[in-house]
Amino acid sequence: MKKQILLNSIQDIQRLQRAIVSLDAEAGLHNEDGSVIADAKTFLGLWSLDFSKPVYLVSENEALFRLMKNYLKEEVPK
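Residues numbered from 1 in each chain as written. Predicted model: local features only at pLDDT ≥ 70, side-chain atom pairs only at ≥ 80, totals over all residues. Heavy atoms only, no water.

**Points about the overall build of the chain**
Counting secondary structure elements, the chain contains three helices and four strands. Sequence-ordered secondary structure for the chain, helices as α and strands as β, is β-α-β-β-α-β-α. Here the C-alpha radius of gyration of the chain, 11 Å, is about what a compact globule of 78 residues would show, namely 12 Å. Expressed along its principal axes, the backbone C-alpha trace of the chain runs to roughly 30 × 25 × 20 Å. Buried positions account for 40% of the 78 residues belonging to the chain. In the chain, 68% of the contacts between residues at least 6 apart in sequence involve partners at least 24 apart. (Helix = DSSP H or I, 4+ residues; strand = E, 2+ residues; numbered from the N terminus. Rg over C-alpha atoms; globule rule 2.2 N^0.38 Å. Buried < 20%, exposed > 50% of the residue type's maximum accessible area, 1.4 Å probe, protein only. Contact = heavy atoms within 4.5 Å.)

Given below as structure tokens:
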């Protein structure tokens, strides 16, 4: 599943990374054109992305999307 997500602060980025680790979820983030891809579990890897624009969260873990629902640009099914 791939959803567009907007993270506006360092705290938002940390919240996402902690959610992924706590759920033991496999997840990645990439920019709009897919030229930069980061493993969302690695905090340092996340800094390769430009968070001034929405990025895409990619994961098969629906619980992760429910946890991050306030940051998603589109509705997640319940």
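Here the narrative resumes.
**Quick notes on the environment of Q4**
Following the sequence through the fold, Q4 ends up in strand 1 (residues 2–5). Q4 sits 27 residues away from N31 along the chain, and the two C-alpha atoms are 9.4 Å apart.

**Examining the packing of aromatic side chains**
The full count for this structure, using the stated rule, is two aromatic pairs. With centroids separated by 6.4 Å and ring planes inclined at 80°, the aromatic side chains of W47 and F51 adopt a geometry described as edge-to-face. Accessibility expressed as a relative area gives 13% for F51, which makes it buried. Following the ring pairs from residue to residue traces out a cluster consisting of F43, W47 and F51. It is K2 that lies over the ring of Y56; its NZ or CZ is 4.6 Å from the centre. (Phe/Tyr/Trp six-rings, centres within 6.5 Å; stacked < 30°, edge-to-face > 60°. Lys NZ or Arg CZ within 6 Å of the ring centre and 35° of its normal.)

**Looking at helix 1 (residues 10–23)**
The first and last C-alpha atoms of helix 1 sit 20 Å apart over 14 residues, in line with the 20 Å expected at 1.5 Å per residue. Taken residue by residue, helix 1 has D12, I13, L16, Q17, A19 and I20 as its buried positions. Viewed along the axis of helix 1, the buried residues span an arc of 155°, placing them on a single side of the element. Residues of helix 1 that are exposed and point more than 90 degrees away from the buried face comprise R18 and S22. On its buried side, helix 1 packs onto strand 2 (27–30), helix 2 (43–46), strand 4 (55–59) and helix 3 (62–67). With its phi angle positive at about 55°, D24 sits one or two positions after the end of helix 1. (Expected span 1.5 Å × (residues − 1). Arc of directions from axis to C-beta.)

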